[in-house]
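Single-letter residue listing:
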Amino acid sequence: MSNKCQNLKSNGREGNVDEHRHFLSCRDCGLGQIFLVSPLHFNQLSFILWVMITAEEALNRILSHIQPLGFEKLSLLEALGRVIAEDIYALRDIPPLDNSGMDGYAVRSEDIRDASLNHSVRLEVVEDLPAGFISQRIIGRQQAIRIMTGAPIPGGADSIVPVEETQKEGRFVSIFCAPPPGNYIRRAGEDAKKGDRVVSAGDLICPAEVGMLASVGRSFVAVYQRPLVAILCTGEELVDIDEELNKARIVSSNSYTLAAQVKDCGAIPIQLGIAKDRKEDIGGKLRHGLRADVIISSAGVSVGDYDFVKDVLRDLGTEIVFWKVAIKPGKPFAFGVMGEKPVFGLPGNPVSSMVTFEQFVRPSLLKMMGHRRLLRPIVEAILREDICKESGRRHFIRAFVSYENDRYFVTTTGAQGSGILKSMVKANGLIVLPEDRETVRAGEKVKVQLLDRNF
Ligand code: AMP
Ligand code: MG
């Protein structure tokens, strides 16, 4: 169900917006006017009547349309950063045998019961046992085996004395402590028992998981696929990096920012290039992206005379689910579905584009790749300056967060115009100011979405 105004009245009755000629009015969406609608202008008008929704509602509605993709098999290291799609079980105990947790001497604890710093006990060293070998011996009374960390415990021994608590004297060793049975013995299966599930479907494969998968002998694993994300930038004024510029033209930085954002969250960007503000060009280039899993368009989703993106998307079979979200920057964001395929119409201003990608596209791509945690971490930080804001929309303020004396502090990265990409370059977070807030004062605690986890 879309967020078109539900209170349209047509000729005094509840409206049917598909009829050709109507007087339309709305009680709730703020227009409160009567429109004369001709078939020609009907599409345009129906877009004006979209009701702005909250950021939460927008994200919920988007995510309800997003499903994880299928699986692919990857070699272990290639799977780093991906989400595993199968449960993995230990095929044997890890470690397979009781083994030493220290370099030292394997002993019978009863032989050294009376040992202390002042009263050492002498044992005969009958073997030197490196890691990777199993001793064939069973140690007898007053005997010890020199043992390295990881070597399986020899028969007869029940305790390990660390080398620091001993002194070697030829064939003998003096022991200066009396550890209990089990001292520094790592038990078979203490990491995983045969049959234990060691990694679960849906887990993110980080270095620890890579190690565990290696431990259980998996050189290949099934992971969720990465979406192909087609990106089309639109705008008469745009050129690509190496194309000729004049003063009315700008480089289409969004083409690269968006591709970088797609890559950054692990998906695969496909750059469809730049379309002029003409329906045929937008449609023609978008068609090249129809095989992708996701479509992103940039710009042309406002109410300007040349903002054709939504029309073209609709012509290509996209059902627009909503348009306009109560956020700043990024209000004219549009979301639709082309069959199962999510379609994101991002506003053209470079910061609006980045912020709406962060809020709505990134969680969607993560969900497609099987991730369970879709959102950036949020911390509370102490604001270092006043911020003026009007109520009504949620603001995302570009900011720099620091961690000092156990607390987070945050300061804005300067002018916040939605065309000022520099404000993102300097930022490592976005201050999230609620819809109902107005001016926020220095010293207040604010919520900050962290875009970068390192401090
Ligand atoms: P629009 O959404 O088409 O109204 O564009 C809003 C602003 O964003 C305009 O100033 C555009 O020049 C700028 N803009 C649109 N697309 C891009 C792009 N791909 N790269 C950089 N700036 C853009
Ligand atoms: Mg434009």
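These figures come from a predicted structure and were not determined experimentally.

> Please clarify how the site of ligand 1 should be interpreted in this entry.
The environment of ligand 1 is made up of 15 residues, and the closest members are Glu-237, Ser-252, Asn-254, Gly-348 and Asn-349. Within the backbone of Ser-253, one N or O atom sits 3.2 Å away from a nitrogen atom of ligand 1. Asn-254 has a polar backbone atom sitting 3.2 Å from a nitrogen atom of ligand 1. Within the complex, 77% of the 490 Å² of free accessible area of ligand 1 lies under protein. Contributions of two or more residues to the shell around ligand 1 are made by strand 17 (228-234), strand 19 (250-251) and helix 4 (253-264). Here the shell around ligand 1 is built from residues that sort into six nonpolar, eight polar and one charged.

> Which parts of the structure should I look at to understand the side chain of Glu-358?
Summarising the element assignment, Glu-358 is placed in helix 7 (residues 350-368). Owing to a relative accessible area of 10%, Glu-358 belongs among the buried residues under this scheme. Those residues within four positions of Glu-358 in sequence are excluded, and the remaining contacts are Gln-261, Pro-363, Arg-376 and Leu-451.

> Just checking my understanding: could you explain the packing of helix 2 (residues 55-63) against helix 7 for this structure?
Two quantities define a packed helix pair, namely the angle between the helix axes and the distance between the axes. Here helix 2 crosses helix 7 at 30 degrees, and the two axes come no closer than 10 Å. By the angle class used here, helix 2 and helix 7 are roughly parallel. In this structure, helix 2 crosses over helix 7, and the sense of that crossing is right-handed. Between helix 2, through Ala-55, Ala-58, Leu-59, Ile-62 and Leu-63, and helix 7, the contact on the second element is made entirely by Gln-359, Phe-360, Pro-363, Ser-364 and Lys-367. Of the residues in the contact of helix 2 with helix 7, the class split is seven nonpolar, two polar and one charged.

> Help me understand the packing of aromatic side chains, please; the structure alone is not making it clear to me.
Where two aromatic rings form a pair, the distance of their centres and the angle of their planes describe that pair. Applying the stated rule across the entire model yields nine aromatic pairs. An angle of 80 degrees between the planes, with centres 5.2 Å apart, marks the rings of Phe-71 and Tyr-224 as edge-to-face. In this pair, Phe-71 sits in strand 5 (residues 71-75) while Tyr-224 sits in strand 16 (residues 220-224), placing the two residues 153 residues apart along the sequence. With 4.7 Å between their ring centres and 35 degrees between their planes, Phe-333 and Phe-360 make a pair best called tilted. Here Phe-333, found in the loop between strand 23 (327-328) and strand 24 (334-338), pairs with Phe-360, found in helix 7; they are 27 residues apart in sequence, far enough to count as distant. Take Phe-333 and Phe-360: they sit in the same class, and that class is buried. Here a set of aromatic residues connected by ring pairs shows up, and it is made of Phe-322, Phe-333, Phe-335, Phe-344 and Phe-360. Against the face of Tyr-105 rests Arg-146, its NZ or CZ located 5.4 Å from the ring centre. Its guanidinium or amino end placed over the ring of Trp-323, Lys-310 lies 3.7 Å from that ring's centre, counting from NZ or CZ.

> For this particular structure, what's the right way to read the pairing of strand 17?
The side chains of a regular strand alternate, residue by residue, between the two faces of the sheet. Judged by how many residues are buried, strand 17 sits mostly within the fold: six of seven residues are covered. Of the strand pairs in this sheet, strand 17 and strand 20 (residues 268-275) are connected by six bridges, and their pairing is parallel. Within the sheet, the bridge partner assigned to Cys-233 lies in strand 20 and is Ile-274. In this structure, strand 17 lies alongside strand 21 (residues 294-298), joined through five bridges in parallel fashion.

> Honestly, the confidence of the model for the protein in this entry has me stumped. Any pointers?
Caution applies to low-pLDDT regions: their predicted coordinates should not be interpreted in detail. On average, the protein scores 91 in pLDDT, and the residues at 70 or more come to 89%. Within the model, the stretch residues 5-40 combines pLDDT values under 50 with 63 contacts to residues more than four positions away or in other chains.

> In this structure, what is going on with the sheet that holds strand 21? I would like to understand it.
Strand-to-strand pairing in sheets goes through backbone hydrogen bonds, with the strands running parallel or antiparallel. With mixed pairing, six strands are arranged side by side in an open sheet as 20-17-21-25-24-22. Since the sheet does not close on itself, it has two edges, and those belong to strand 20 and strand 22 (319-323), each with one partner. Neighbour-to-neighbour, the strand axes of the sheet open up by a mean angle of 20 degrees, direction not taken into account. Bridge count between strand 24 and strand 25 (residues 341-346): five bridges; the pairing is antiparallel.

> What should I look at first to understand the nonpolar core in this one?
In summary, soluble globular proteins display a tendency toward joint burial of nonpolar side chains. Core analysis: the biggest nonpolar cluster contains 42 residues, and Ile-296, Phe-322, Phe-333, Phe-344, Phe-357, Phe-360 and Leu-365 have the highest contact counts within it. For Phe-357, the contacting residues outside a window of four places in its chain are Leu-258, Gln-261, Val-262, Cys-265, Ile-296, Leu-346, Arg-362, Pro-363 and Leu-365. Grouped together as the second largest cluster of nonpolar side chains are 20 residues, Leu-272, Val-309, Met-338 and Val-343 included.

> What's the story with a nonpolar patch on the surface in this structure? I'm lost.
Judged by side-chain polarity, Ile-241, Leu-245, Val-251 and Tyr-256 come together as a nonpolar surface patch covering roughly 330 Å² of accessible area. Turning to its location among the elements, Ile-241 is positioned in the loop between strand 18 (238-239) and strand 19. The class of Ile-241 is partly exposed, set by a relative accessible area of 48%.

> Would you take a moment to explain unusual backbone geometry for this structure?
In the segment running from Ile-94 into Pro-95, the intervening peptide bond is cis, with an omega of -10 degrees. Residue position: Pro-95 is located in the loop between strand 6 (88-89) and strand 7 (99-100). Following Lys-328, the chain continues to Pro-329 via a peptide bond in cis, the omega torsion being -5 degrees. Among the secondary structure elements, Pro-329 is positioned in the loop between strand 23 and strand 24. Residue Ala-299 is not a glycine yet carries a positive backbone phi of 75 degrees. Relative to the assigned elements, Ala-299 resides in the loop between strand 21 and helix 6 (309-315). Taking relative accessible area as the criterion, Ala-299 reaches 14% and is therefore assigned buried.

> Hey, could you run me through helix 4 in this one?
Helical periodicity: at 3.6 residues per turn, an α-helix aligns residues three or four positions apart in one direction. Its twelve residues give helix 4 an end-to-end C-alpha distance of 16 Å, which sits within 8% of 16 Å, the value for a rise of 1.5 Å per residue. Of the residues making up helix 4, those classed as buried are Asn-254, Ser-255, Thr-257, Leu-258, Ala-259, Gln-261 and Val-262. On its buried side, helix 4 packs onto strand 17, strand 20, strand 21, strand 25 and helix 7. Immediately downstream of helix 4, the backbone of Gly-266 shows phi near 100 degrees, a positive value.

> Looking at this structure, how should I read the side chain of Arg-362?
Checked against the element boundaries, Arg-362 lands in helix 7. With no salt bridge to any partner, buried Arg-362 finds its closest opposite charge in Glu-358, at an N-O distance of 4.4 Å. Non-local contacts of Arg-362, meaning those with residues more than four positions away in its chain, are made with Cys-265, Phe-357, Leu-374 and Arg-376.

Cut-off values and rules
Residues numbered from 1 in each chain as written. Chains lettered and ligands numbered in written order. Predicted model: local features only at pLDDT ≥ 70, side-chain atom pairs only at ≥ 80, totals over all residues. Heavy atoms only, no water. Near = heavy atom within 4 Å. Polar contact = N/O pair within 3.5 Å; in protein donor to acceptor, adjacent residues only side chain to side chain. Areas by Shrake-Rupley, 256 points an atom, 1.4 Å probe, with all protein chains shown as cover. Helix = DSSP H or I, 4+ residues; strand = E, 2+ residues; numbered from the N terminus. Nonpolar A, V, L, I, M, F, W, Y, C, P; charged D, E, K, R; others polar. Buried < 20%, exposed > 50% of the residue type's maximum accessible area, 1.4 Å probe, protein only. Contact = heavy atoms within 4.5 Å. Axes fitted to C-alpha atoms, helices over the stretch in contact; angles between N-to-C directions. Parallel < 35°, antiparallel > 145°, perpendicular 65-115°, else oblique. Left-handed = near helix turned anticlockwise from the far one by under 90°. Phe/Tyr/Trp six-rings, centres within 6.5 Å; stacked < 30°, edge-to-face > 60°. Lys NZ or Arg CZ within 6 Å of the ring centre and 35° of its normal. Pairing = 2+ DSSP bridges. pLDDT = per-residue confidence, 0-100. Core = buried A, V, L, I, M, F, W, Y, C linked by side-chain atoms within 4.5 Å. Patch = residues over 30% accessible without salt bridge, like charges linked within 9 Å, V, L, I, M, F, W, Y side chains within 5 Å. Salt bridge = Lys/Arg side-chain N within 4 Å of Asp/Glu carboxyl O. Expected span 1.5 Å × (residues − 1). Lys, Arg positive; Asp, Glu negative; His and termini not counted.

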